[in-house]
Amino acid sequence: VFLFASLSSTLQAQQYEIGEKPPAAPATLIPMLGEYQMGDEKIIIREDGGCLHAIINPTFDGTTPETMKDLPLSFIFPGKYTYSFQGDFANFIFQFDEDGQSKAIVLNNVTYDRNFIEPRDGNTFKVELDKNIEEYISDALKATPPEEKGDFREPNLVDVTTVLDNVKLDVRYATTNNFLNAPTYSEAKSFLHRPAVMALNEANKRFNKMGYGILVHDAYRPWYVTKVFWDATEGDERNFVANPDNGSIHNRGSAIDLTLYELESGKVIKMVGTYDEMSERSYPDYMGGTALERWHRKLLRHVMEDSGFKVIYNEWWHFDHEDWQKYPILNQTFDELLR
């Protein structure tokens, strides 16, 4: 079960310098993947080449500190609630709960508890609201966007579904399936300024040739919604939302949140982290997950950046178009745009 399957790929991905597509990780390894922590010491267990790897003291920004170690682990023996793996210098003993989920690692007689930063059971990441969503929206609609000076282009927002083939929408802010657990959009629509739409169309054509389609979560966002997000979050959560005093590139109609799905099956591609997850797993260079998840994440990034977009530092799904500074902050509601 831990043998590395032969590599093959017909996805023409070599031009993006991401290597060949790896096989799916063995299902028996999935319950052990994740973060484990003891004080300031952290271990990420990930899959690579059909085997477990332990990343000791990892980073999530793509750098490699001197203290980081990448140890391939070889399987030794199973137990009812433990599995043991041999690294370069010690046994890694995994402890499991009754549901078969790994809950801790014992390394050199030291226990590293599972750090459940990921949403459990496939649920969308949620924050706790201090008041109902209607109050947040009412207050935000009464507020005024920041004043800007500059020679901006005239806004020209285009519905992406009128240009892209095979595009799907999963606009979660029009539903309760989002981090606020409440809708802030009146319509499940996706708009971008025309240059960004045309660039996205070029990326989409490349993905389609590889057997993938684009699934859009969000694009143009009225400024008042950015204020709702800011007011409804606090602390580290605000690392993943824009400050309304400066506005968001989403407000400028030049940012898009997206992922990929398989054209043949319609199945959404699983990435290392989930959309809108406010954790380190959202960073584009986070080292965890499976080899296939990391490969798909890299493919998304390379094609998008080759098409005139740039991923932001802490969200693998968020891409800004290169012309974003040429457009003003907008606060038109979806109802106003549709009228």
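A. Fine view of helix α2 (residues 194–209). Spanning 16 residues, α2 covers 23 Å between terminal C-alpha atoms, matching the ideal 22 Å at 1.5 Å per step. Of all the positions in α2, only Ala196, Val197, Ala199, Leu200, Asn201, Ala203, Asn204, Phe207 and Asn208 are classed as buried. A positive phi of about 95 degrees marks glycine 211, the residue just after α2.

B. Inspection of the nonpolar core at higher detail. Leu200, Phe207, Ile256, Leu299, Leu300 and Met304 are the most contacted members of the largest nonpolar core, which has 68 residues in total. For leucine 200, the contacting residues outside a window of four places in its chain are Val160, Leu164, Leu192, Ile214, Ile256, Leu258, Met304 and Phe309. In terms of nonpolar packing, the next biggest core, distinct from the first, is built from 15 residues, Met32, Ile43, Ile105 and Leu107 among them.

C. Highlighting the side chain of glutamate 47. Locating glutamate 47 in the fold gives a position in strand β2 (residues 41–48). Leave out the neighbours within four places in its chain, and glutamate 47 touches Ala25, Pro26, Leu29, Leu33, Gly289, Thr290, Ala291 and Arg294.

D. Looking closely at helix α4 (residues 291–306). Here α4 is 16 residues long and its end C-alpha atoms lie 22 Å apart, about the 22 Å a rise of 1.5 Å per residue gives. The complete set of buried residues in α4 reads Ala291, Leu292, Glu293, Arg294, Trp295, His296, Arg297, Leu299, Leu300, Val303 and Met304. Among the structural elements, β2, α2, β12 (212–218), β13 (255–262), β14 (309–312) and β15 (315–321) are those in contact with the buried residues of α4. Glycine 308 sits one or two residues past α4 and shows a positive phi near 105 degrees.

E. Focus on the packing of aromatic side chains. Using the criterion set out here, one finds 12 aromatic pairs in the structure. For the ring pair tyrosine 220 and phenylalanine 334, a centre distance of 6.2 Å and an interplane angle of 20 degrees mean the geometry is stacked. With tyrosine 220 in the loop between β12 and α3 (223–231) and phenylalanine 334 in helix α5 (residues 334–338), this residue pair connects regions lying 114 residues apart in the sequence. Per residue, the accessibility class of tyrosine 220 equals that of phenylalanine 334, and both read buried. Here the aromatic rings of tyrosine 283 and tyrosine 313 are separated by 6.0 Å at their centres, their planes lie at 75 degrees, and the arrangement is edge-to-face. Of this pair, tyrosine 283 sits in the loop between β13 and α4 while tyrosine 313 sits in the loop between β14 and β15, placing them 30 residues apart in sequence. Through a chain of ring-to-ring contacts, three or more aromatic side chains come together here, namely Tyr173, Phe179, Tyr185, Phe191, Tyr220, Phe229 and Phe334.

F. View of the pairing of β2. Taking burial as the measure, the 8 residues of β2 include 6 buried ones, the bulk of the element. As paired strands, strand β1 (residues 34–38) and β2 are joined by 5 bridges and run antiparallel to one another. The residue of β2 that forms the bridge with glycine 34 is isoleucine 45. Between β1 and β2, which pair antiparallel in sequence order, lie 2 residues; one of them, glycine 39, sits at a positive phi of approximately 65 degrees. Bridge count for β2 against strand β3 (residues 51–56) is 6 bridges, and the pairing is antiparallel. Across the sheet, arginine 46 pairs through a bridge with histidine 53, a residue of β3.

G. Representation of the packing of helix α1 (residues 133–142) against α3 in the model. As a packed pair, α1 and α3 sit with axes 9 Å apart at the nearest point and diverge in direction by 130 degrees. What the angle tells us is that α1 and α3 run oblique. Pair α1 / α3 crosses with right-handed handedness. Taken together, the residues of α3 that come into contact with α1 (itself represented by Ile133, Tyr136, Ile137, Ala140 and Leu141) are Trp223, Tyr224, Lys227, Val228 and Asp231. Of the residues assigned to the contact of α1 with α3, the class counts are 8 nonpolar, no polar and 2 charged.

H. View of the packing of α2 against α4. Interhelical geometry of α2 versus α4 gives an angle of 135 degrees and a closest axis separation of 8 Å. When the axes of α2 and α4 are compared, the pair comes out oblique. The handedness of the crossing between α2 and α4 is right-handed. Listed contacts from α4 to Leu200, Ala203, Arg206 and Phe207 of α2 are Leu299, Leu300, Val303, Met304 and Asp306. Residue classes in the contact of α2 with α4 are distributed as 7 nonpolar, no polar and 2 charged.

I. Fine view of the environment of threonine 184. Topologically, threonine 184 is positioned in the loop between β10 (168–169) and β11 (191–193). Its relative accessible area of 6% is what places threonine 184 among the buried residues. The spacing of threonine 184 and alanine 174 is 10 residues in sequence and 6.0 Å in space, taken between C-alpha atoms. Setting aside its immediate chain neighbours within four residues, threonine 184 contacts Ile133, Ile137, Tyr173, Tyr224, Val225, Val228 and Phe229.

J. A look at the pairing of β13. By the criterion of burial, β13 is predominantly enclosed, with 7 of the 8 residues buried. Where β12 meets β13, 6 bridges bridge the pair, whose relative direction is antiparallel. Each bridged residue has a counterpart across the sheet, and for aspartate 218 the counterpart in β13 is aspartate 257.

Parameters and conventions
Residues numbered from 1 in each chain as written. Predicted model: local features only at pLDDT ≥ 70, side-chain atom pairs only at ≥ 80, totals over all residues. Heavy atoms only, no water. Helix = DSSP H or I, 4+ residues; strand = E, 2+ residues; numbered from the N terminus. Expected span 1.5 Å × (residues − 1). Buried < 20%, exposed > 50% of the residue type's maximum accessible area, 1.4 Å probe, protein only. Core = buried A, V, L, I, M, F, W, Y, C linked by side-chain atoms within 4.5 Å. Contact = heavy atoms within 4.5 Å. Phe/Tyr/Trp six-rings, centres within 6.5 Å; stacked < 30°, edge-to-face > 60°. Pairing = 2+ DSSP bridges. Axes fitted to C-alpha atoms, helices over the stretch in contact; angles between N-to-C directions. Parallel < 35°, antiparallel > 145°, perpendicular 65-115°, else oblique. Left-handed = near helix turned anticlockwise from the far one by under 90°. Nonpolar A, V, L, I, M, F, W, Y, C, P; charged D, E, K, R; others polar.

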